[in-house]
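Fold and geometry: a report
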Amino acid sequence: MSEPKEEAFKRSSWKLWWDNIQHDSRDNLRDLQRSLMDELDFEPGISVENSMSMGQINQWRVSNPAAKAITVPTLLIHGYAATSMTYFRNFEQLSRSAKDLYAIDLPGNGLSKELPLEPEGINKPKRLELIETVKGQYVRLQEPIDEQVYKKHLQHYEDYHLEALEEWRKANNLSKINLVGHSYGGYVSFKYCLKYPENVNKLCLVSPLGVERSIYSLNNHFKPDVDYVIQREDPSQPTFTNNRNLPKLLLQYQNKTLRWLGPLGAKACWGYVNASYGRVPSVAYREYVFQLVYGKGIVTDNAITVFNQLFSRALLAYDPIMDGLNRLKVPKLMMLYGAHDWMNRAAGALAIDEFNSIRKKYDGTFYIVDKAGHNLMLDNPEEFNARLIEFLKD
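Quick caveat, the model's predicted, so the values are computed rather than measured. (Residues numbered from 1 in each chain as written. Predicted model: local features only at pLDDT ≥ 70, side-chain atom pairs only at ≥ 80, totals over all residues. Heavy atoms only, no water.)

What follows is about the packing of helix α8 (residues 263–276) against helix α9 (residues 283–294). Where α8 meets α9, the axes come as close as 9 Å, and the angle between the chain directions of the two elements is 130°. Judged on the interaxial angle alone, α9 and α8 are oblique. Judged by the twist between their axes, the crossing of α8 over α9 is right-handed. Contacts between α8 and α9 involve G265, A266, C269, W270, Y272, V273 and N274 on the former and, on the latter, R286, E287, V289, F290, V293 and Y294. In the contact of α8 with α9, the residues fall into 9 nonpolar, 2 polar and 2 charged. (Axes fitted to C-alpha atoms, helices over the stretch in contact; angles between N-to-C directions. Helix = DSSP H or I, 4+ residues; strand = E, 2+ residues; numbered from the N terminus. Parallel < 35°, antiparallel > 145°, perpendicular 65-115°, else oblique. Left-handed = near helix turned anticlockwise from the far one by under 90°. Contact = heavy atoms within 4.5 Å. Nonpolar A, V, L, I, M, F, W, Y, C, P; charged D, E, K, R; others polar.)

If you look at the biggest cluster of nonpolar residues, it comprises 64 residues, and the most contacted ones within it are L179, Y184, L203 and L328. Among the elements that make up this core, the one with the highest residue count is helix α4 (residues 147–171) (8 residues). Residues in contact with L179, not counting those within four places in the same chain, are L75, I77, S189, Y192, C193, V200, K202, L203 and C204. L76, L258, A372 and F391 belong to the second-largest nonpolar core, a separate cluster that totals 53 residues. (Core = buried A, V, L, I, M, F, W, Y, C linked by side-chain atoms within 4.5 Å. Buried < 20%, exposed > 50% of the residue type's maximum accessible area, 1.4 Å probe, protein only.)

Here we come to the packing of aromatic side chains. For the structure shown, the criterion picks out 17 aromatic pairs. With a centroid separation of 5.8 Å and 85° between ring planes, the pair formed by Y80 and Y184 is classed as edge-to-face. Residue Y80 is found in the loop between β3 (74–77) and α3 (91–95), and its partner Y184 is found in helix α5 (residues 184–195); the two are separated by 104 residues along the sequence. Classification of Y184 as buried rests on a relative accessible area of 3%. Judged by centre distance (5.2 Å) and plane angle (35°), the rings of Y192 and Y196 are tilted. (Phe/Tyr/Trp six-rings, centres within 6.5 Å; stacked < 30°, edge-to-face > 60°.)

Taking 1.5 Å per residue, 14 residues should reach 20 Å; helix α2 (residues 25–38) reaches 20 Å between its end C-alpha atoms and fits that length. All buried positions along α2 are accounted for by S25, N28, L29, L32, Q33, L36 and M37. Taken around the axis of α2, the buried residues stretch over an arc of 165°, which confines them to a single face. Along α2, exposed side chains directed more than 90 degrees from the buried face belong to D31 and D38. (Expected span 1.5 Å × (residues − 1). Arc of directions from axis to C-beta.)

So, on to the sheet that holds strand β5 (residues 130–134). Ordered by their spatial adjacency, 3 strands build an open sheet running β5-β6-β9, and the pairing between neighbours is antiparallel. Each edge of the open sheet carries a strand with a single partner, namely β5 and β9 (228–229). With 4 bridges joining them, β5 and strand β6 (residues 138–141) adopt antiparallel strand pairing. Note that in β6 the partner of E132 across the bridge is V139. (Pairing = 2+ DSSP bridges.)

Right, let's get into the sheet that holds strand β10 (residues 332–338). The strand order across the open sheet formed by 8 strands is β1-β2-β4-β3-β7-β8-β10-β11, and the pairing between neighbours is mixed. Where the open sheet ends on each side, the last strands, each with one partner, are β1 (47–53) and β11 (364–369). Averaged over all pairs of adjacent strands, the angle between their axes in this sheet comes to 20°, without regard to strand direction. Pairing geometry for β1 and strand β2 (residues 57–63), over 7 bridges, is antiparallel. Paired with S47 across the bridge in β2 is S63. Running at roughly 10° to β2, α2 makes contact with β1 and β2 of the sheet.

Printed below as a string of structure tokens:
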């Protein structure tokens, strides 16, 4: 794909804002999705189908009956506030090796429907909150928590995606599948493997969110009357934290905040898209991501609620991946990160070391993809595809 001229990426903030008011965001997203897929050139004999699985989940299926390298059906899961088009630069090459390739929009994202989020009932726990007794040095629980009740609370919100994935698998008459999950989708994929281990063949986590142990983990068994020393070096330790602390209002309202700002919000969003996806030489993709982030109702309230219940304002998980490695049953695990990734690569490397130590053999692999950031499947699709195909081969 040739690099467009710089002028192709310039937009009027007033026009972006006005167009969003005048047109339905989902219709725009649907049209842009089709434009992206029309850019691709699949080999003869490969079929590409878009449908609404169960009338709820927007799904792409790319089938190649002649493919022999990867015969287990493979599902690609996107990250937070993203869609199946996260993988649009990977479909062509992967389809030459994979017999059945699927990519979906998670519930409440993209073109998939917002599924109902059942109320928790009377046993909803208070949010796990910490206070710094000495700023930057010591932390303690603000008040006691019932760990078993809190685990049920987290499972309730995890199930919003996990049960939808399981129903999707059944609706497509699939037995074992390979799972590939990016960012938040990596966290969801990992949790699916813990709940439904018999359904997963191999698991690839692509710059996954929620790997690190941290002061926010409910598995730490912290006591409310004890001060714990904060450390920021080793993400495998229970007292780890980072320097990130997103504002509550931003987490609560997210892309609504951009729309409230009118043309200024549209300008900020378009700038973010160009900065974050500068390695993707597709005008259509940047327009697609803008509509995804800025468009009304594309990332739904339930999707936002689920995310905010599973992660702290530091974007650290209340039930981290590292705490569940001893329960992971997949035969093989791979973690991929970009060379310029903002995600904690050290946590991924330590997680793979721990996984191999638990197994007492090298069932886990860790790779850095060159010339790529967090969106490595988009930034460097050639190397990403090669690593993934080698890992998933039968």
